[in-house]
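Structural description and commentary
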Amino acid sequence: MVELTEFDSRAALFDRLARTMSAVVRDKPTAVLGLATGRTFVDFYARWVERARADGVSFGALRTFNLDEYLGLAPGSPNTFRAYMERHLFGRADFDPARTHLPDPWVPDPGAEAVRYERALQGAGGIDVQLLGLGNNGHIGFNEPGSSFASRTRAVELTAETRAQNAADFAGEAVPTRALTMGLATIAEARRCYLVVVGEAKAGILARCLAGRDERYPASALWGHPGLEILADAAACSALENLGDRVRRTKHAVRAA
Ligand code: GLP
C-alpha cells in the first residue's frame, strides 16, 4: 500500500511539509536528514526555514546528507548541488557546516568517494527522514530508469532527458554527463521518506510510476516502504486513475483558520 496525500495547491503542500519537518527537528534536534535539490524544493526550503524560525527550532545539531552531486563541474561553480544547498537552505539558517554532507565530486576516484559516502551514512546511524523529488523520467536522486532496486551509492551516467530537464537551471557551463548518487537500496533504508511531486508536468510520470514496482520507474523502488508518504498537488494528481487498492489517496484536509 502506498500512502498519497493530495493538496489543493503547492503552497498548502509546502506548508504541511514545513510543519512536519519543523516538528521532526524539534522532537529530535540531532536527527539525520536526507536532502534533495531541484526546483521542487526551492520554495519548500524557504517555507521550512520560516516555519522553524516561528517555532523557535534550531538546525544546528542536525546531520544532513544530500542525495546526489554532479561530477565534472569546476570547483566554485554555482551549479553544484552544494552551491544550491548553500543558496536555498544552509546559508539561510543555523546549520553547522561540518554536519552538512554531499558527495565530494572533486576526489580523483569517484568510485571510492561513493563507498566512503555510503559508509558515512551508515556511520551516522542511517537516515531518519529523507526528502525526495521526482524526475520527469521517474528518477529519484540520480537513479535513472533501469537502475537496480538493489543499487548503492555510486557514479552514474545521466540520461539526455535528465540533462535537458536540468539545463534550464544551468548558468555558464554545460550540464554534466555524470553524477554521484545514493542508490535505490540506500534511499529505501531511510526510516521515513517524503516524495514530493508538484505540477502538471509530473502528472504522467507519477501515474506511470504508481502502476507497480518496475525498474523502468526508479521511484517505484519505494512502493511498500512502511514509512513512505507521497505528497502531491492536484496538478500532479491529474492523470491518476484506476489506482485500485495499491494506493491510499487522501485529500489533505484544510485546517480551520
Ligand atoms: C534532479 C535531482 C533530483 C530531483 C529531480 C526533480 O535531477 N537529481 O533529486 O528531485 O531532478 O527536479 P525538479 O524538482 O527540478 O523537477
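Residues numbered from 1 in each chain as written. Predicted model: local features only at pLDDT ≥ 70, side-chain atom pairs only at ≥ 80, totals over all residues. Heavy atoms only, no water.

**Describing the sheet that holds strand S8 (residues 178–181)**
Using the following cut-off: Strands were regarded as paired on the criterion that DSSP finds at least two bridges between them. Helix numbers and strand numbers start at the N terminus; a helix is a DSSP run of H or I with at least 4 residues, a strand a run of E with at least 2. Axis lines are fitted to C-alpha atoms, over the contacting stretch for helices. Their N-to-C directions set the angle, which ranges from 0 to 180 degrees.
With respect to topology, 3 strands assemble into an open sheet ordered S4-S8-S7, the strand pairing being antiparallel. Looking at the sheet topology across the chains shown, the edges are occupied by strand S4 (68–71) and strand S7 (154–157). This sheet shows a mean twist of 30° between the axes of neighbouring strands, independent of strand direction.

**Description of helix H4 (residues 110–123)**
Rules: To estimate the expected span of a helix, subtract one from its residue number and multiply by 1.5 Å. Using a 1.4 Å probe on the protein chains alone, a residue whose accessible area is under 20% of its type maximum counts as buried, one over 50% counts as exposed, and one in between counts as partly exposed. Read the arc as the range of directions from the helix axis to the C-beta atoms. The contact criterion used is simple: two residues touch if any of their non-hydrogen atoms lie within 4.5 Å.
Taking 1.5 Å per residue, 14 residues should reach 20 Å; H4 reaches 20 Å between its end C-alpha atoms and fits that length. Pro110, Glu113, Ala114, Tyr117, Glu118 and Leu121 are the residues of H4 that are buried. Buried residues of H4, seen end-on, are gathered within an arc of 135° and therefore sit on one face of the element. Facing away from the buried side of H4 by more than 90 degrees, the exposed set consists of Arg119 and Gly123. Buried-residue contacts for H4 involve strand S3 (63–66), S4, strand S5 (100–101), S7, S8 and helix H6 (184–188).

**Looking at the site of the ligand**
The condition that has to hold: For this description, a residue counts as near a given molecule or strand if any of its non-hydrogen atoms is within 4 Å of it. Any N or O atom pair separated by 3.5 Å or less is treated as a polar contact, with the protein-specific requirement of one donor-capable and one acceptor-capable atom, and with residues adjacent in sequence counted only for side-chain atom pairs. Asp, Glu, Lys and Arg are counted as charged, while Ala, Val, Leu, Ile, Met, Phe, Trp, Tyr, Cys and Pro are counted as nonpolar; the rest, among them Gly, fall into the polar class.
In the vicinity of the ligand lie 13 residues, with Arg39, Thr40, Asp68, Asn166 and Lys202 positioned nearest. Between Arg39 and the ligand, the recorded distance is 2.8 Å, taken from a backbone N or O atom to an oxygen atom. Residue composition of the shell around the ligand, by class: 2 nonpolar, 8 polar and 3 charged.

**Comments concerning the packing of aromatic side chains**
To keep it simple, the criterion reads: Between 30 and 60 degrees the pair is tilted, below 30 it is stacked and above 60 it is edge-to-face, where a pair is any two Phe, Tyr or Trp rings, Trp via its six-membered ring, whose centres lie within 6.5 Å.
Tallied over the entire structure, the rule returns 15 aromatic pairs. Ring geometry for Phe44 and Trp48: centres 5.7 Å apart, planes at 20°, overall stacked. Residue Phe44 and its partner Trp48 are both found in helix H2 (residues 40–55); the two are separated by 4 residues, about one turn of the helix. According to the relative accessible area criterion, Phe44 is buried, its value standing at 0%. With relative accessibility at 0%, the residue Trp48 sits in the buried group.

**Points about the nonpolar core**
Condition: Buried Ala, Val, Leu, Ile, Met, Phe, Trp, Tyr and Cys residues form a nonpolar core when they are joined through side-chain atoms within 4.5 Å.
Counting residues in each nonpolar core, the largest one holds 79 residues, and the members touching the most others are Met21, Phe44, Tyr45, Trp48, Leu195, Leu210 and Trp223. For Trp48, the residues in contact, after removing those within four places along its chain, are Ala18, Met21, Ser22, Val25, Leu33, Leu35, Phe59 and Leu89.

**Things to note about the packing of helix H1 (residues 10–27) against H2**
Where we set the bar: Angle categories are assigned with fixed cut-offs, so that under 35 degrees is roughly parallel, over 145 is roughly antiparallel, 65 to 115 is roughly perpendicular, and the rest are oblique. Put simply, a crossing is left-handed when the front helix is turned counterclockwise from the back one by less than a right angle, and right-handed when it is turned clockwise.
Between H1 and H2, the shortest axis-to-axis distance is 8 Å and the interhelical angle comes to 50°. As the angle between them shows, H1 and H2 are arranged oblique. In this structure, the crossing between H1 and H2 has a hand that is right-handed. Side by side, H1 and H2 meet where Phe14, Asp15, Leu17, Ala18, Arg19, Met21, Ser22 and Val25 of the first sit next to Thr40, Asp43, Phe44, Arg47, Trp48, Arg51, Ala52 and Asp55 of the second. When the residues that make up the contact of H1 with H2 are grouped by side-chain class, the tally is 8 nonpolar, 2 polar and 6 charged.

**Re the sheet that holds strand S10 (residues 228–233)**
Pairing is parallel in the open sheet, where 8 strands are placed in the order S5-S3-S2-S6-S9-S10-S1-S11. Bordering the open sheet on either side are S5 and strand S11 (247–251), each of which pairs with just one other strand. Summarising the sheet, strand S2 (residues 32–35) and strand S6 (residues 129–133) pair through 2 bridges and their orientation is parallel. Its bridge partner lying in S6, Leu33 is registered against Val129.

**Considering the environment of Ser151**
The residue Ser151 is located in the loop between S6 and S7 in this model. Considered as a pair, Ser151 and Gly183 are 32 residues apart in the sequence and their alpha carbons are 4.6 Å apart. Not counting residues within four places of it along the chain, the set of residues in contact with Ser151 comprises Asn143, Gly183, Leu184, Ala185 and Thr186. Reaching out from Ser151, the side chain makes a polar contact with the backbone oxygen of Ser148 at a distance of 2.7 Å. Among the polar contacts made by the side chain of Ser151, one reaches the main-chain amide nitrogen of Leu184 at a distance of 3.0 Å.

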